[in-house]
Each structure stands twice: as C-alpha cells, then as structure tokens.
Amino acid sequence: MVFRVTNPASGKVITSVAAGSSKDVDIAVNAAKQAYKTVWGLKCPGVTRGRLLNKLADLLERDMDELAALEALDVGKVWDNAKNVDVGSTIAVLRYYAGWADKVHGKTIETNDKKLAYTRHEPYGVVGQIVPWNFPLGMISWKIGPALATGNTVVLKPSEITPLTALRLADLINEAGFPPGVVNIVNGYGHTVGQAISEHPLIEKVAFTGSTLTGRKILKASAESNLKVVTLELGGKSPTIIFDDADVEQAVKWAAHGIFFNMGQVCTAGSRIFVQEGIYDEFLSKFSAIAKGLGAATGDPFTPGTQHGPQVSETQFNRVMGYINSAKAEGATVHVGGERHGQEGYFIQPTIFTETRPDMKIVQEEIFGPVAAVIKFKTEDEVVEAANNTAYGLACNVFSENLSRALRVAHSLEAGTAWVNCAQAGEVCVPFGGYKQSGIGRELGEYALDTYTQVKGVHVNI
Ligand code: NAD
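In this text, all values refer to a predicted model and were calculated from it rather than measured experimentally. (Residues numbered from 1 in each chain as written. Predicted model: local features only at pLDDT ≥ 70, side-chain atom pairs only at ≥ 80, totals over all residues.)

*Asks:* Help me understand the pairing of strand S13 (residues 351–354) in this model?
*Replies:* Both faces of the sheet carry side chains from a regular strand, because those side chains alternate between them. Pairing of strand S12 (residues 333–336) with S13, which is carried by three bridges, proceeds in the antiparallel orientation. What sits directly across from Thr333, in S13, is Thr354. As defined by bridge partners, S13 adjoins strand S14 (residues 371–377) across three bridges and the pair is classed as parallel. Across the sheet, residue Phe353 finds its bridge partner in S14, namely Ala373. (Pairing = 2+ DSSP bridges. Helix = DSSP H or I, 4+ residues; strand = E, 2+ residues; numbered from the N terminus.)

*Asks:* Hey, could you run me through the site of the ligand in this one?
*Replies:* Residues in close proximity to the ligand total 30 residues, the closest being Pro132, Gly190, Gly194, Gly210 and Glu233. Elements that contribute at least two residues to the shell around the ligand include exactly helix H7 (190–199) and helix H8 (212–224). Broken down by element, the residue count for the shell around the ligand peaks at five residues, all from H7. Grouping the constituent residues of the shell around the ligand by class yields 10 nonpolar, 15 polar and five charged. (Near = placed C-beta within 6 Å. Nonpolar A, V, L, I, M, F, W, Y, C, P; charged D, E, K, R; others polar.)

*Asks:* Would you mind showing me how to read helix H2 (residues 46–62) here?
*Replies:* Each α-helix winds once per 3.6 residues, and so residues spaced three or four apart point in a common direction. With 17 residues, H2 ought to run about 24 Å at 1.5 Å a step, and its terminal C-alpha atoms sit 24 Å apart, in line with that. Contacts from the buried residues of H2 go to helix H3 (64–75), helix H4 (79–100), helix H5 (136–149) and helix H6 (164–176). (Expected span 1.5 Å × (residues − 1). Contact = placed C-beta atoms within 7 Å.)

*Asks:* When you look at the sheet that holds strand S19 (residues 439–440) in this model, what are you seeing that I'm missing?
*Replies:* By way of backbone hydrogen bonds, the strands of a sheet pair with one another, either parallel or antiparallel. Spatially, the six strands line up as an open sheet ordered S7-S6-S5-S8-S9-S19, and their pairing is mixed. Two strands lie at the open edges of the sheet, namely strand S7 (183–185) and S19, each paired on one side alone. Sheet topology note: the strand S5 (residues 126–130)/strand S6 (residues 153–157) ladder contains five bridges and is parallel. From the neighbouring strand, Gln129 faces S6, where its bridge partner is Leu156.

*Asks:* I tried to follow the packing of helix H9 (residues 248–260) against helix H10 (residues 280–296) on my own but got confused; where do I start?
*Replies:* A packed helix pair is summarised by two numbers, namely the angle formed by the two axes and the spacing between the axes. As a packed pair, H9 and H10 sit with axes 10 Å apart at the nearest point and diverge in direction by 45°. Our classification of the angle between H9 and H10 gives oblique. Considering the relative orientation of H9 and H10, their crossing is right-handed. From H9, Val248, Ala251, Val252, Ala255, Ala256 and Phe260 reach across to H10, where they touch Glu282, Phe283, Lys286, Phe287, Ile290, Ala291 and Leu294. (Axes fitted to C-alpha atoms, helices over the stretch in contact; angles between N-to-C directions. Parallel < 35°, antiparallel > 145°, perpendicular 65-115°, else oblique. Left-handed = near helix turned anticlockwise from the far one by under 90°.)

So, in structure tokens, the structure goes:
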C-alpha cells in the first residue's frame, strides 16, 4: 500500500511512499529491542552515542540545501526558512544532545543506616515517537536527540502528510554509522502505524507531538496496553498581550512573526492578540501593513523574495478557510485578507479579524493558519483573565517596557512558555511543553533527558 505526497504550492502529486502496517511496526520494535540489548543502551558508551549524533549533524550540514528543498516541496515552507530555521535548528538540536550523551549522571545519597546509595538514570529501552507535519525534520530532532543520547532505541512515525525529509534522514542515519535497529522509521497513517506504536507491549515510552485529540487516543492506548510512559506536546491558542507602554514597532514586528511564521502552522502561534486601548489604532495600522506586505510576497516557496507560502494540504486549507468563513458568519470584521490567494495550490492570505467576541470559534479554537484576532483591552487584570480563558496552555507573549509588569503578567499566564518582548524564540537549551490541555512533560534542554530516562536507586551494604 502507498500514500501520495502532494506539493501544496501546486496541489499536484509529486510521489508516493510505502505505507507501513502494524506488522511493520512489530518488525521495527523487535529490531529496536535487539539493538538495545546488544549494541546500544548500556552496551554503548555515551561518548560513542554523542559522536554518532555529531556525525549525523555533520551530514545534515553537508546536505542542507537538499533537505531544505525537500521540506519546501513537501510542506510548502519558504526555502530560506526551511534551510535556516528547519534544517539549521535540527542540526543545533542534534549537536546539543550529542554533548549531553556522556553527561547523564545520577547522585550519591547519604543514608541513615550508613549504606552507600546512589541513583542511575537508565534508558527505557525502545521508545515510540510520533510527529506532525508542521516541522517534520525539526520535530524528529527534538525526539531522537535526547532519546538516542540517553541510550534508548527508537521506532518513529513521521506524518503521512510530510514523509520526505524523514526518508532522507534514514539514509543519513545509516551513513553516519548508527548500528542497524537503533533508529527505525516507519511511514504510514496514524490509525494504523501510530496506533500500533501506542499499543505495542515492548515499547516502554511514547513521545507524541500533534493535536490534543490524537494525544487523548495515545494516552488511552497506552493505558489499555502496557501503561507505557507518555509525553505529549499538543495544540495551543496562545495569547499575545501588548501594553500601552510597549515599544510598538518591536511589538508589531514580533506579533506578526508570532502568528504568520510558517503560515500560522505553529503550535505556539499567537493567534489572539490583545492590545491595550491607548495604542490599539497605531498597532492595528502597523500590524495590517505587515500582513498586507506578506500577502503581496505570497508565492512559490522556491521563488526568491517569497515570504509566505501555502498551507500544507487541501485538508488544512479547507479547515482554515472554514474558520475564516465561520468568523465572518458570526459577525467578526475582516480587517485584512480573509480569502484564498490565487487559484492554484493551498494559499491563504494573511488575515486579521477585529470586533470578535470571546465565544467565537476563532477566539476559542486552534486554527493552525495565518489568522489573527486583534482584541482591545483596558486593564491588566482583565487581559490576564481573558488570556487564560482557554483550555490550552502552550505559550504566551507579553510586550511592555515596564519589566515588573511584563514579568508579573508572564508569571500569571497559564502557559509552559512565556516570551517577553519577543515571540517564537525557540532555544534548544530551554525546556518546552504545555500547561492544561497543551501537553504532558517537557522537551528540549536538560529537562528532556529526564523524560527519556528512569531512575534506579541502588543500595550497597558497606
Ligand atoms: P495530528 O494529531 O493529526 O497528527 C500528528 C501525528 O499523529 C501524525 O503523525 C499522525 O499520523 C499521528 N496520528 C494520528 N492519529 C493517530 C492515532 N490514532 N494514534 C497514533 N498516532 C496518530 O496532528 P497534525 O495535524 O499532524 O499536527 C497539528 C497539531 O500538532 C496541532 O494541533 C499543533 O498544535 C500540534 N503541534 C504541537 C506541537 C507542540 O510542540 N506542542 C508542535 C507541533 C504541532
């Protein structure tokens, strides 16, 4: 069985890829288990694991242009961004965890009965990893980097919408010299391959990035199989809050980046922009100018000068247009955009709505597209309450030149990441994850090492 891969800029099928089955997952898990027991895990020194991760990063650096081209073709990312952000950050993440591979330490503990006690941070064994389509290569690096550094072997499923860079990465993993069975990439659908990973009794942990709906299914499958440990990176509805005392030029620039980067297909997209009344008009006029500029620079991801590409697929295009149409029907005002761009491919104009109400779908639900709701507010208390009025808790952005206020508000918002006077600033060394229904556990930074190891307490009678 195969599934088709479409170029979202043209809507045309570019290739097809073999769709795995639950039997393929079983074969992969057994290979991963064997590799864990014989050549990886406790059998492979951290320094060797780190060297291999660094070698893989070297190969990605060598093939940056090609990988960026695949990402642009498959996802519709602007080629420059695919190269510098997607491939660039993937390399950085692999190198960061390569550095940790020989630095995973336990503690010695003084016991009351004079025994020697110490802790070991041991790998789980085989971990399952399921990733989405919005940063195909980047999300894989967030998963395999800490998993391999800490000695786990991996069975990974890319999104069926964007399998191409994962396939190329599999070649590079072989070329880097990872022993067979350490990394197993199985392409396929969620309800087959993804489900089989979530249920497999030899997988001890699953790490998932994707929608909250699918996250629930994975948690349930884990509970009903072998109670595997589950970490979830899920959806968001992040607020951007701009106070009267903000540097407006900077706030406009970051707010636009916060919602329009990657065509709005970012889990941390700042889709609800709260602007204090004193600067509302100035903000809206400058923010609209940026959105219109992006609209004018919309086009093929490979054309120099393009700044805004298509949505990833026809399904996502229809989903985002559905939100735009529902907002129009519910009485919100289209301030900029609100239509498809061109007749070919899945392009949507950067869109700004005003005059929204808190109960509208575009204010409550994750859109995952280039659609912002700009909302006027008066007081700090009022905006904190409104910003927290969501089931999600992934990220927030606060703009103010008054540092006390900015930090006070950042601390009051229910979110796993707070950006102060910036947006979408992903740093590999800083933990990332969600409050509320945006997730369970943390990725990136030193924290990710804890989520890929289990602690053993050893007592020694001396
Ligand atoms: P999705 O949940 O539809 O799919 C994600 C992955 O899960 C895909 O590989 C898919 O095949 C697989 N899957 C689907 N059904 C499954 C099942 N029953 N069992 C196991 N696996 C299954 O999400 P998507 O549309 O690919 O990505 C968009 C979503 O991802 C958005 O909600 C976005 O916010 C979220 N996301 C979150 C983060 C984060 O770090 N928090 C990052 C990127 C994307």
